[in-house]
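A look at the structure
One letter stands for each residue in the lines below.
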Amino acid sequence: MSGCPPAPIVSASLTLRAFVPGDAPKVHAMSLESGMREWLPDQVYESEQQALDVLEYLIDGYREPGVPFSAPFVLGVHLNGSQELIGHAGLSPLAGEVEVGYSIEDARQGRGYASEAVRVMTEWGMRRFELPQILGIVATDNAASCRVLQNAGFVLLTELPGCLHSRAGLVR
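Keep in mind it's a predicted model, so treat the numbers as computed, not measured. (Residues numbered from 1 in each chain as written. Predicted model: local features only at pLDDT ≥ 70, side-chain atom pairs only at ≥ 80, totals over all residues. Heavy atoms only, no water.)

1. Thoughts on helix H3 (residues 48-61)
With 14 residues, H3 extends 20 Å from end C-alpha to end C-alpha; this agrees with the ideal 20 Å at 1.5 Å per step. Where H3 is concerned, the buried positions are Ala 51, Leu 52, Leu 55, Leu 58, Ile 59 and Gly 61. Relative to the axis of H3, the buried residues are bounded by an arc of 165 degrees and lie together on one face. (Helix = DSSP H or I, 4+ residues; strand = E, 2+ residues; numbered from the N terminus. Expected span 1.5 Å × (residues − 1). Buried < 20%, exposed > 50% of the residue type's maximum accessible area, 1.4 Å probe, protein only. Arc of directions from axis to C-beta.)

2. Side note on the pairing of strand S5 (residues 97-104)
Within a regular strand, side chains alternate between the sheet's two faces. Counting buried residues along S5, 6 of its 8 residues qualify, which places the element largely inside the surrounding structure. In the sheet, strand S4 (residues 85-94) pairs with S5 via 8 bridges, with the strands oriented antiparallel. The residue bridging Ala 89 from the neighbouring strand is Tyr 102, located in S5. Hairpin connection from S4 to S5: 2 residues lie between these consecutive antiparallel strands, with Ala 95 at a positive phi of about 50 degrees. (Pairing = 2+ DSSP bridges.)

3. Structural notes on unusual backbone geometry
Located in the positive-phi region is Ala 95, a residue other than glycine, with phi close to 50 degrees. Mapped onto the secondary structure, Ala 95 falls in the loop between S4 and S5.

4. So, the sheet that holds S4
With antiparallel pairing, 5 strands are arranged side by side in an open sheet as S1-S2-S3-S4-S5. Single-partner strands in this sheet number two, and they are strand S1 (9-10) and S5.

Written out as structure tokens, the structure is:
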């Protein structure tokens, strides 16, 4: 599979697909939304060019067979029957483990799309990369994201004081 983007992953409502450079304007716009600013400030982009630079890095990662242990493996999320991005889901290295990351644009939240994207990404990732587990790390005070992980089948293993995306607090 090295050298080519992954085939789309289709679920009941969503398709997870490889990013393309043309996604930069939408990725930039989504990065400026309130949810991203509050919970994922390191994924807020100053310009479409900065979003494109990040996308090019992620697209290059599709060619690397060792990911997600060495670099993020992130796919765009859109509703079936549409090519418009509504978010992203991905797997990233974390201290020798792999964690899932996700975001759905503000206008589409509260409909179960994030949980569906997380469930599909983790099931696919465990098979594709032969992972024994995937972690879901979230700030305890991010109640919506805690529900996403719970609805996607994750179970709480521990709650620790820590820092997540530059925010101090409890981390699950």
